[in-house]
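# Structural characterization, general
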Amino acid sequence: MLYFDKDHRIHTLESREMVQWKLDLSNADYSQAVAGIGVERTQILSDGESFFLLPKESLKTSKLSEIPQAELEEIQSFFFSQEAVQAALSVNSDLLKSQDKGSLTYGTTGAKSIYEALRRVGASTDDSFLDIGCGCGLPVLIASKLVGQARGVDIVPSMVEFGQKAATRFGRENTEFLLANIRHLELGRVDIVYVAATTLTEELRETIKEKLSQLRPGAVVITLTYSFQSDALVLVDTFKSPFAWWGSSEPSVHDFLIHIRRAS
Ligand SMILES: C[S@@+](CC[C@H](N)C(=O)[O-])C[C@H]1O[C@@H](n2cnc3c(N)ncnc32)[C@H](O)[C@@H]1O
């Protein structure tokens, strides 16, 4: 995926590097302008300030690794085991009292859903991934198969421990699970952020939005249910996919929203 900013500099989201040349878009003939850069079958989105060039059929890139269906299912069933449910439900009462109860309600993104999101943004081994509020860690485990470094952060100790156990079980050495409150989190350098925001309070979502504005241009932010569109982030893609709540037999379909950190 490529996009260009308001100064018409081009960015590629495959390498997350900016390339040196500029396009003359003064006549607004975008298709002519992009013809010279070898990007075929593109669609152009614009929010009036930035321009985004997306391949028409999918955002899949040639560098993307495939995860076999059987592997997705094996990881998914590990995270739906009794042990995972136990870890998810073991929230200490003091912690429950100190946080908004709803934000600790547990559910997990399906393996196929996060895989689909990561495919759409062309995740590759050049990328790092962070799940903010990672729960037991399913999205982190799936991401670790595609990216160079996958991290998750959660406030519930039993979930973080389960994530670490899962990383050992699946031999994922490029993963890290941190116990922390999102409010005190330093994002550092990260290329793809995931926030399953469905249960997070508005106050927590605003705090996260603020932190996301520190990401570098071209970084990708995938969210669930709520868009985090802001002066810093542009919404470029959405799709619907299942998310499962503990205690409910059927996963429900949720909106996945893909944003890109605008060039400043
Ligand atoms: C709905 S779960 C999503 C789990 C995971 N991201 C997934 O999609 O499978 C939301 C998670 O956010 C965590 N959370 C809520 N408030 C938090 C906070 N202040 N700091 C860190 N984690 C928090 C909860 O403990 C919970 O595990």
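Our structure's up above, just so we're on the same page.
Below is a summary of the structure that appears in this document. Treat the numbers as computed from the prediction; the structure is a model and nothing was measured.

Here we come to the overall build of the protein chain. Secondary structure assignment for the protein chain yields 8 helices and 13 strands. Counting only residues that meet the buried cut, the protein chain has 39% of its 264 residues in that class. Long-range contacts, defined here as pairs at least 24 residues apart, represent 66% of the contacts in the protein chain between residues at least 6 apart.

Near the ligand lie 24 residues; those nearest to it are Thr109, Gly133, Gly135, Ile155 and Ala196. Broken down by secondary-structure element, the contributors of at least two residues to the shell around the ligand are β6 (107–109) and α6 (138–144). When residues in the shell around the ligand are grouped by element, the largest group, 3 residues, is from β6. Its residues assigned to classes, the shell around the ligand shows 11 nonpolar, 10 polar and 3 charged.

The next point concerns the sheet that holds strand β13 (residues 252–261). Read across the sheet, 8 strands follow the order β6-β12-β13-β11-β10-β7-β8-β9 without closing on themselves; strand pairing throughout is mixed. Each edge of the open sheet is held by one strand with a lone partner, namely β6 and β9 (175–179). Pairwise comparison of adjacent strand axes, ignoring direction, gives a mean angle of 25° for this sheet. The pairing of strand β7 (residues 128–132) with strand β10 (residues 192–196) spans 3 bridges and is classified as parallel. If you follow Phe129 over to β10, its bridge partner there is Ile192. Against the sheet, helix α5 (residues 111–120) makes contact with β6, β11 (220–224), β12 (233–245) and β13, and its axis sits at roughly 165° relative to β12, the strand it touches most. Helix α7 (residues 157–169) contacts β8 (149–154) and β9 of the sheet and is inclined by roughly 165° relative to β9.

Turning our eyes to something else, we now look at the packing of helix α2 (residues 69–78) against α5. Across the interface, α2 lies against α5 with an axial gap of 9 Å and an inter-helix angle of 125°. With respect to their mutual orientation, α2 and α5 come out oblique. Contacts from Leu72, Ile75 and Gln76 in α2 reach Ala111, Lys112 and Tyr115 in α5. Partitioning the contact of α2 with α5 into residue classes produces 4 nonpolar, 1 polar and 1 charged.

Here we take up the environment of Leu138. Its location among the elements puts Leu138 in helix α6. Accessibility expressed as a C-beta count within 10 Å gives 26 for Leu138, which makes it buried. If we skip the residues at most four places from it in the chain, Leu138 touches Ile75, Phe79, Thr108, Thr109 and Ala111.

Take Ser213: it is sitting in the loop between α8 (202–212) and β11. Under the C-beta neighbour-count criterion, Ser213 is labelled partly exposed, with 15 such atoms within 10 Å. A sequence separation of 19 residues divides Ser213 from Ala232, and the C-alpha atoms of the two residues are 5.4 Å apart. Here Ser213 is in contact with Ser230 and Ala232, once residues within four sequence places are set aside.

Counting 62 residues, the largest nonpolar core has Ala143, Ile192, Val193 and Ile222 as the members making the most contacts within it. What Val193 contacts, discounting residues up to four positions off in sequence, is Leu130, Ile132, Leu212 and Val221.

Before going further, it helps to spend a moment on α8. Three or more residues of α8 are buried, namely Leu204, Ile208 and Leu212. Seen end-on, α8 carries its buried residues on one side only, within an arc spanning 80°. Residues of α8 that are exposed and angled more than 90 degrees away from the buried face: Glu202, Glu203, Glu206 and Glu210. As for α8, its buried residues are in contact with β7, β10, β11 and β12.

Reading the values: the criteria
Residues numbered from 1 in each chain as written. Predicted model: local features only at pLDDT ≥ 70, side-chain atom pairs only at ≥ 80, totals over all residues. Helix = DSSP H or I, 4+ residues; strand = E, 2+ residues; numbered from the N terminus. Buried ≥ 20, exposed ≤ 12 C-beta atoms within 10 Å, placed from the backbone. Contact = placed C-beta atoms within 7 Å. Near = placed C-beta within 6 Å. Nonpolar A, V, L, I, M, F, W, Y, C, P; charged D, E, K, R; others polar. Pairing = 2+ DSSP bridges. Axes fitted to C-alpha atoms, helices over the stretch in contact; angles between N-to-C directions. Parallel < 35°, antiparallel > 145°, perpendicular 65-115°, else oblique. Core = buried A, V, L, I, M, F, W, Y, C linked by C-beta atoms within 7 Å. Arc of directions from axis to C-beta.

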